[in-house]
Amino acid sequence: AIQKYRQDFAAGKHPGASASRAGEDGGRDRGVRVCVRKRPLFQHEKGQGEYDVLTAGRRDVVVHDARMHSDMRNMFINHHCFGFD
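Rules and cut-offs
Residues numbered from 1 in each chain as written. Predicted model: local features only at pLDDT ≥ 70, side-chain atom pairs only at ≥ 80, totals over all residues. Heavy atoms only, no water. Helix = DSSP H or I, 4+ residues; strand = E, 2+ residues; numbered from the N terminus. Buried < 20%, exposed > 50% of the residue type's maximum accessible area, 1.4 Å probe, protein only. Contact = heavy atoms within 4.5 Å. Polar contact = N/O pair within 3.5 Å; in protein donor to acceptor, adjacent residues only side chain to side chain.

S.K.: Could you give me a rundown of the environment of Leu41, with the residues and numbers involved?
M.R.: The topology assignment puts Leu41 in the loop between helix H2 (17-20) and helix H3 (43-47). Residue class for Leu41 comes out partly exposed when judged on its relative accessible area of 23%. Taking C-alpha positions, Leu41 is 7.6 Å from Tyr51, a pair spaced 10 residues apart along the chain. Other than its neighbours up to four places away in sequence, Leu41 contacts Lys46, Glu50, Tyr51 and Asp52.

S.K.: Help me get a handle on the environment of Ile2, residues and values and all.
M.R.: Note that Ile2 resides in helix H1 (residues 2-10). Taking C-alpha positions, Ile2 is 7.4 Å from His64, a pair spaced 62 residues apart along the chain. Sequence-distant contacts of Ile2, defined by excluding residues within four places in its chain, comprise Tyr51, Asp52, His64 and Ile77.

S.K.: Lay out the side chain of Asp65 in plain terms, naming residues and giving numbers.
M.R.: Relative to the helices and strands, Asp65 is located in strand E2 (residues 60-68). A distance of 2.7 Å separates the side chain of Asp65 from the side chain of Arg67, its partner in a polar contact. In this structure, Asp65 is in contact with Phe76, Ile77, Asn78 and His80, ignoring residues within four places of it in sequence.

So this is what it looks like as structure tokens:
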């Protein structure tokens, strides 16, 4: 699911991107600045089936939030898109 989302993200076809972008002022009048620092996954983490929960583009960061359905058997992923300048 994340690979498909990343392919669409790279092609500019990800939902929520335009809605998450800051206004013409770049969001400077909001008084809040968020900085994101991301480290790469280690080989042993990849071997254990872990995945990278962030996808970064030029003006967007997407957090891939894995959750369980209420039946506690099936997982689903929410993609939260945040725009930045």
